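Now for the letters of each chain:
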4 protein chains.
Amino acid sequence: MTAPFRPNEKIIDFRSDNTGRAAPEIIAALAAANEGTAAGYGGDEWTALLQHRYSEVFETAVRVFPVATGTAANALALAAISPSWGAIYCSEQAHVSVAEVNATGFFGGGSRLTLVPGPHGKLAAEALGAALAVAGTGQTHRSQPAAVTLTQASDLGAVYSLDEVRAVTAVARSHNIKAHMDGARFANALARLRCTPAELTWHAGMAIQLRRAGQVWSKMRFAAAQLLAYVEDGLWLRNASQANAIASRLAAGLRDLPGVAPLAPIEANEVFVKLPVAVMDGLEADGIRFFRRPGDIARFVCRFDETADEADALLSSLQRHLATAR
Amino acid sequence: MTAPFRPNEKIIDFRSDNTGRAAPEIIAALAAANEGTAAGYGGDEWTALLQHRYSEVFETAVRVFPVATGTAANALALAAISPSWGAIYCSEQAHVSVAEVNATGFFGGGSRLTLVPGPHGKLAAEALGAALAVAGTGQTHRSQPAAVTLTQASDLGAVYSLDEVRAVTAVARSHNIKAHMDGARFANALARLRCTPAELTWHAGMAIQLRRAGQVWSKMRFAAAQLLAYVEDGLWLRNASQANAIASRLAAGLRDLPGVAPLAPIEANEVFVKLPVAVMDGLEADGIRFFRRPGDIARFVCRFDETADEADALLSSLQRHLATAR
Amino acid sequence: MTAPFRPNEKIIDFRSDNTGRAAPEIIAALAAANEGTAAGYGGDEWTALLQHRYSEVFETAVRVFPVATGTAANALALAAISPSWGAIYCSEQAHVSVAEVNATGFFGGGSRLTLVPGPHGKLAAEALGAALAVAGTGQTHRSQPAAVTLTQASDLGAVYSLDEVRAVTAVARSHNIKAHMDGARFANALARLRCTPAELTWHAGMAIQLRRAGQVWSKMRFAAAQLLAYVEDGLWLRNASQANAIASRLAAGLRDLPGVAPLAPIEANEVFVKLPVAVMDGLEADGIRFFRRPGDIARFVCRFDETADEADALLSSLQRHLATAR
Amino acid sequence: MTAPFRPNEKIIDFRSDNTGRAAPEIIAALAAANEGTAAGYGGDEWTALLQHRYSEVFETAVRVFPVATGTAANALALAAISPSWGAIYCSEQAHVSVAEVNATGFFGGGSRLTLVPGPHGKLAAEALGAALAVAGTGQTHRSQPAAVTLTQASDLGAVYSLDEVRAVTAVARSHNIKAHMDGARFANALARLRCTPAELTWHAGMAIQLRRAGQVWSKMRFAAAQLLAYVEDGLWLRNASQANAIASRLAAGLRDLPGVAPLAPIEANEVFVKLPVAVMDGLEADGIRFFRRPGDIARFVCRFDETADEADALLSSLQRHLATAR
């Protein structure tokens, strides 16, 4: 194949999980699944096994619907648990609100996101309770509270503790609304909390439903094979731990840099810090890649295959440019 | 006809414009229109005349689409000026947000309301500008700014001045989004501002479009006849002025009552005041009807046929119960 | 008020029920309801009485939701009884299919009309059964059968007999789908069948549900007052009988005109006949108004206030122009 | 990885393209793309190259949007070229109509499929013209004609010739509606017609637009890499030709079997024949896999890696069971 032209530039990439490679185990699983014929649209053996394995992993009977994107997963799940006249409560920084266009309302026939404040990109249980208290449940002119959605880890890299998840779901239960978790960095949160998937989800009170729209794959075995490989031998947690470890290494290093404080606790694989523009320019000149957010915020995301050397290179570059900037 | 049973209770009603009678001129217009046959679905002479008269009233060519409710009018207009991936900016207290279920998102295929702060139920031009500055226009993952909607008078009874309308529409224009006015108490605002409909709308920068859905009436002449009667000989402004005058009378009276301050300037026909529950109970016992809002807020709405005696009765009852409550 | 200009042309109008006047009793009821204040949004005494009276008329507890148009009534009812992945079966000539844009799919979030053949604008029970037999119920790739809708009287003026309604609803019941009746000319059908509303609806097996969208009127008493007057002292059936009688008079007259056969039995207040274009031109030149449909079809609709003289004038004009055309 | 249990049964699989393997070249391309980091959401080098390569292949500037399923591709494309009040014309057997639930209406906000007859699962240009002639374009009560969609090859395995495509798009152009091609078996049709992609699409008059919803992949390079490998060195046409060749071999063999006639010309990789149930049972007992359709129809689909020996085994089994059944 004509390979795409790739500039021979040596960079250190902290932009996103999404810029990274797939775990080699996932690619190997794809190749292994490409053997013989198999029924389409989820009637194959891999998809059957998938239900079994994820039910084991979550310690309860679950039904897994592979979809193409996180946006589709969130929008379809929220459409399944909210009527078109429903209000869905989320953090002011939630990915469903700030980065998924209007997918929730589109798939939900008009269902609506209602923003709830809280620290570090998390939704606070008390603020949720306060919002629900004045929501006008049962009044025919008001959007009717239907669900709350948590992003775990939060969009600022903080992790809901088990107690925080329990507090939110308790409020949800007492107001008779459903709870949904956007598991964007679910494995990173698990690796952080050292708890089980069950403890973090249905033990803590989740109600999960899903439905589909343009998301039933014909050659489903290739989706199933990837998801099977993902949990096999703890691959997901091992990779998440590695990513978290790099983030922790950065956190430790940042503590020694005066005047550089993370915006939120570094509890998963993301680091948000406010930096002078000149410093961000300096990092880039050193070949370091990351995302800039409004307000001179730099976001560094650690991948499973990010190395300690790369983290140290970032810290060293940062120290140098901060010294100059001062 | 078997008339409904109506308790012979004498009450003074400040609940809403909606509890009041239609202007007798409107009913007379309905009876007058009930003569001979006329083409259906808007092909009749009344509907043709309606376009002509409202174009005169607004001093520009307008197209009038009679719809059944204010919710339908707002939702259809906003659906016409926002794509399904659009964000529509409104005041935190806007009727479209707090009292029309999810009609905006439902009619708009998922379009979304984004709340903007401001004083007295109004959206502030500066806050709109600040929100638009970080909205991520052109970023494919973000809801795209499409429109701003103003409620005139606001849902707390305050009136956008001509300068305020101009400031908001200037921000809208500079960000290339459309502006829409929910004219819920439009006549009351006009009566207050002593300006023309043109000055308050398209002279000030409005872009208005509409479309329909389940709202094309067959016997349209009866809708058109009402709307024609509404503007005939200044009926709408005369009635609005009368309602505003009663509200002003209440405002003047409230100034003499220590410790009773309206929540927002009384600029149209609505009065919002915080009152002890015992005082509200006392008013009701005196036969005065009004709506209670969360936070011990009482809302009094003045209709065109509300009398000065009724306003004075309210003030006197209020004075008496406040004295007792102290 | 400036009355619209109405040409002083003497016409005989067979265009539509919609071109006609409201029954004077309805206008009188509107005027009578315009007394004192009343709670908005359906909290008034008229709306309460409406539930009571219609429950009496239908001999079972019903809930009445006044909406602005027939399109809204159909679309909201069908949205209430079909999921967004549902198929709704209707006649090939059904009004919901040929004259309500895509309202069913719009209000239903994508729900779909499936056309079923049958005579005279009616859906045949056997054809419905055949369609349901191959519909793929339970197959995840197929639209799922949800409901059947009947237009009574049909869009060609034929009336479903009680046995025909029972046959369709029996098929619906046996396939576990809901049944809905678009009562476009319901009173005309009742007047024809000399049965009760109950016999024609829930006795025959209907399941009726409704919901709303932009259709909760604030001054609901004016809607309720009209619907109350409509059934008071049998006004609806009396007016429908008068309209049907004019149509029967036309039917009798047409039997004496060689070569002029109605497209469907004249069982309600509509007459469809194929006529030479020259004859239709002649009728119009005589001041007779009606609608032309593709294929040289003329539609004549009889209103409650259409007179025997007007019917005779139509027949006489028709006879004269047919003689010339031959 | 724990491999799924696969019964050691030797079968010959004619069920669907979807039961087959991915071309090994595609899997190899996935593995090759898993190198280094790359911008997410389509900002990578593979996606850039994809635009370039497909523009070459189609001999015009195209924009390629990789989506997860054919249903999503169809629904999004049709939503892009039809307003929510539009009618989309398709064959009575079209996949969008019979096998994609209500995806068209759901993504299109209520847009509607209108069925058009034609031979062998194809839509006939004349029938389209006849339907458009009575569609009521411009009438506000009618669904407005917006687009026509062709399935190439048809859902019965027939191929639209270049002349047929031109005839349909000419009708579309003359009625000012857009044309869309569901390229479900596009490569098979190309291989059959020995024409270029350009000739079969925009040279023949196609207007193609697309938009997205929950379909912007983060690690887009993996989608792009597959689509690049698909056209590299003519892989798609080579594989399609091999599949077609097997189908032709079956077609030739069927001609020698008395009383077994295909339902439609075998022009791509699908074969539909009516067979006695006992014969279908016999084939299955011989380890041959295929799909049964209502009306005792058997569908055989030939994959690129189906062998001549497998085709011959099917023919021989068929001959044997037909002899017995007679």
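What this report covers is the structure whose coordinates are included nearby. Just so it is clear, the structure is predicted and the values come from calculations on it, not from any experiment.

Another point: the overall build of chain A. The helix and strand inventory of chain A stands at 13 helices and nine strands. For 326 residues, the compact-globule estimate of 2.2 N^0.38 gives 20 Å, and chain A sits close to it at 21 Å. The burial tally for chain A puts 57% of its 326 residues in the buried class. Across chain A, every contact between residues at least 6 apart in sequence was considered, and the portion connecting residues at least 24 apart equals 76%. Here chain A has roughly 13100 Å² of accessible surface; of this, 55% comes from carbon and sulfur atoms. For chain A, the centre of its 30 positive side-chain charges and the centre of its 31 negative side-chain charges are spaced 4 Å apart.

Mapping chain B onto chain A calls for a screw motion: a turn of 180 degrees about the axis and a shift of 0.0 Å along it, with 0.0 Å RMSD after fitting. Read as a symmetry element, the transformation amounts to a two-fold axis. Of the C-alpha atoms belonging to chain B, the one lying closest to the rotation axis is found on Gly110 of chain B, 2.3 Å away. In this assembly the copies share their binding face: 100% of the residues contributing to the interface of chain B also contribute to that of chain A.

As a further point, take unusual backbone geometry. Residues and elements named next belong to chain A. Of note, the amide linkage connecting Gln152 to Ala153 takes the cis form, showing an omega dihedral of -10 degrees. Within the secondary structure, Ala153 is located in the loop between β4 (144–151) and α7 (162–174). Of note in this structure, Asp296 is not a glycine but carries a positive phi near 60 degrees. Its place among the elements puts Asp296 in the loop between β8 (291–293) and β9 (297–301). The partly exposed category is assigned to Asp296, whose relative accessible area is 35%.

Turning our eyes to something else, we now look at helix α12 (residues 277–285) of chain C. Residues and elements named next belong to chain C. All of the buried residues along α12 are Val279, Met280, Gly282 and Leu283. Buried residues of α12, seen end-on, are gathered within an arc of 155 degrees and therefore sit on one face of the element. The exposed residues of α12 that point more than 90 degrees off its buried face are Ala278 and Ala285. Buried-residue contacts for α12 involve β7 (288–289), β8 (291–293), β9 (297–301) and α13 (308–325). Count one or two residues on from α12 and you reach Gly287, which has phi positive near 90 degrees.

Residues and elements named next belong to chain C. Summed over all chains, the structure comprises 48 salt bridges over all chains. Between Glu56 and Arg53 there is a salt bridge whose closest N-O contact spans 2.6 Å. Of the two residues, Glu56 and Arg53 both sit in helix α2 (residues 45–58), three residues apart, roughly one turn of that helix. Residue classification places Glu56 among the partly exposed positions, given a relative accessible area of 43%. You can call Arg53 buried: its relative accessible area is 18%.

This part is about the nonpolar core. Residues and elements named next belong to chain C. Membership of the largest hydrophobic core comes to 47 residues, with the highest contact counts inside it found for Tyr89, Leu123, Leu128, Val148 and Leu200. Among the elements that make up this core, the one with the highest residue count is α2 (six residues). Setting aside residues up to four positions removed in sequence, Tyr89 forms contacts with Thr114, Val116, Leu123, Leu128, Ala131, Leu132, Ala135, Pro145, Ala147, Val148 and Thr149.

Cut-off values and rules
Residues numbered from 1 in each chain as written. Chains lettered and ligands numbered in written order. Predicted model: local features only at pLDDT ≥ 70, side-chain atom pairs only at ≥ 80, totals over all residues. Heavy atoms only, no water. Helix = DSSP H or I, 4+ residues; strand = E, 2+ residues; numbered from the N terminus. Rg over C-alpha atoms; globule rule 2.2 N^0.38 Å. Buried < 20%, exposed > 50% of the residue type's maximum accessible area, 1.4 Å probe, protein only. Contact = heavy atoms within 4.5 Å. Areas by Shrake-Rupley, 256 points an atom, 1.4 Å probe, with all protein chains shown as cover. Lys, Arg positive; Asp, Glu negative; His and termini not counted. Charge placed at Lys NZ, Arg CZ, Asp CG, Glu CD. Least-squares fit on C-alpha atoms with pLDDT ≥ 70 in both. Arc of directions from axis to C-beta. Salt bridge = Lys/Arg side-chain N within 4 Å of Asp/Glu carboxyl O. Core = buried A, V, L, I, M, F, W, Y, C linked by side-chain atoms within 4.5 Å.

These values are about where atoms sit, not about what they do.
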